[in-house]
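Each chain, letter by letter, is given below.
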Amino acid sequence: MGSEFSPSVRACLPLCALVLETAFVLIFCFFTSYNDSANNQTLTENSQVFQDITIMAALGLGFLTSSFPKNSWSSVAFNLFILAIGVQWAVLLDGFLNKFSSGKIVIELSSIQLATMSAMSVLISVGAVLGKTNLLQLMMMALVEVTAFSVMMMVDNHTSMMHIHVFAAYFGLAVAWCLSSSQPKEKQREVKTAKGPDLFAMLGTLFLWIFWPNFNSALLSIENKRKAVFNTYYALAVSSVTATSVSAAAHPEGKISMTHIHSAVLAGGVAVGASCHLISSPWPAMLVGLLAGLISVGGAKCLPVGFHRMLMVHYAFGLPGLLGEITYITLMALQASQNQDTTNCYQIFLNMGILSFVMIMSLASGFLTGSILRLQIWKAPGVNKYYYDQDFWKFPHLADEF
């Protein structure tokens, strides 16, 4: 028996992807070169951090979104495709915007590392729309978001990715809102009863949990890295304990929800990312992890079933990210009051302005992207085909038996 699913992107995806990749090859050919004078010791140190961040992006965020039973193939493989596109585009954008004074973009390992971190913003946002979009739409979304994120990074010339979670979460929510439509009831039951792929989602959570200290400290100076790693670990540890405890307390029979664990155990690392280099003792980082775990579990507990994946991005990355921004501004204010430094006061108002700009930029570019992706030319899957791999993948058995 033939499959009911149509070749929705057969005519568009290969042509668009190959044309885009050919354009990338030509641009890299004429406008880039390698830095051959890099220090070997620095290269070795950066290689380990780069490897950890790549594992976070490809495996951590890839498996984290694989909790729906009939959409797990697309969740992992589409993430890898988007990461590959996003890294190439981010390297070029960063080079043209910041490093093109000599007429050539000099590529170092740090350039690819920064590009990978920038592309991770897309992987976070995509978590809100995976299953409702095809690969062509996701490719377009990646190009627009990496562009918007690179522009935002020019305004906020910070030494860490302190705004990445807020930007990515609300960009993804804006796109998802534009693409939203009601789910059939049978799809809602599938979301609620997804048990097998939850193990793979937990595997993604473990990858992220292990490597998150390196992510938060990757762009910091040597003297700040130590505090960043310690504080991130403490925040993650406390949010993990909080998530497990509150999840059990929230269930009538004292049972722990894997859905809560997926997001809330990471909330501490998200929340402490902006201020991890400013905290000089463990207890403030632990307090941030505790608050982040409570916010994330509380939000996940209130999730409407039909909006599970979309709002999970909000409670796993958006709200903890905002908590981290508030913590950063609060610590800056405390330093200003202790030192009576007017420069710090100026910096506080500047950071508040940058946060407002990040929110406006993420929502505006997200709504614009979502409006573009709603057009019929993208041949998006119908609502009755949401969260189905069969529309995009060839299975070794009959599609009707999947």
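My aim in this report is to walk through the structure given alongside it, one point at a time. These numbers come from a predicted model, not from an experiment.

A tally of regular secondary structure across the protein gives 13 helices and two strands. A total of 402 residues make up the protein; the buried ones form 52% of that total. In the protein, the share of contacts with a sequence separation of at least 24, taken over all contacts with a separation of at least 6, comes to 82%. When the accessible area of the protein is evaluated, it comes to approximately 18300 Å², of which 66% is carbon and sulfur surface.

Here the focus is the pattern of salt bridges. Pairing between side chains of opposite charge can happen when the charged atoms of each approach one another. Taken as a whole and assessed by the stated rule, the structure comprises one salt bridge. A salt bridge links Lys255 to Glu253, with the nearest nitrogen and oxygen atoms 3.3 Å apart. Residue classification places Glu253 among the exposed positions, given a relative accessible area of 59%.

The next subject is a nonpolar patch on the surface. Where nonpolar side chains cluster on the molecular surface, the patch consists of Trp283, Leu287, Leu290, Leu291 and Leu294 and spans about 470 Å² of accessible area. Relative to the elements of secondary structure, Leu291 occurs in helix α11 (residues 282-301). For Leu291, a relative accessible area of 37% gives the class partly exposed.

Where helix α9 (residues 222-250) contacts helix α10 (residues 258-272), the two axes come as close as 7 Å, and the packing angle between them is 150°. Regarding the angle of α9 to α10, the classification is roughly antiparallel. Judged by the sense of rotation from one axis to the other, the crossing of α9 with α10 is right-handed. Residue-level contacts link Asn231, Thr232, Ala235, Leu236, Ser239, Ser240, Ala243, Thr244 and Ser247 of α9 to His260, Ile261, Ala264, Val265, Leu266, Ala267, Gly268, Gly269 and Val272 of α10. Per-class residue counts for the contact of α9 with α10 are nine nonpolar, nine polar and no charged.

Rules of the game
- Residues numbered from 1 in each chain as written.
- Predicted model: local features only at pLDDT ≥ 70, side-chain atom pairs only at ≥ 80, totals over all residues.
- Heavy atoms only, no water.
- Helix = DSSP H or I, 4+ residues; strand = E, 2+ residues; numbered from the N terminus.
- Buried < 20%, exposed > 50% of the residue type's maximum accessible area, 1.4 Å probe, protein only.
- Contact = heavy atoms within 4.5 Å.
- Areas by Shrake-Rupley, 256 points an atom, 1.4 Å probe, with all protein chains shown as cover.
- Salt bridge = Lys/Arg side-chain N within 4 Å of Asp/Glu carboxyl O.
- Patch = residues over 30% accessible without salt bridge, like charges linked within 9 Å, V, L, I, M, F, W, Y side chains within 5 Å.
- Axes fitted to C-alpha atoms, helices over the stretch in contact; angles between N-to-C directions.
- Parallel < 35°, antiparallel > 145°, perpendicular 65-115°, else oblique.
- Left-handed = near helix turned anticlockwise from the far one by under 90°.
- Nonpolar A, V, L, I, M, F, W, Y, C, P; charged D, E, K, R; others polar.

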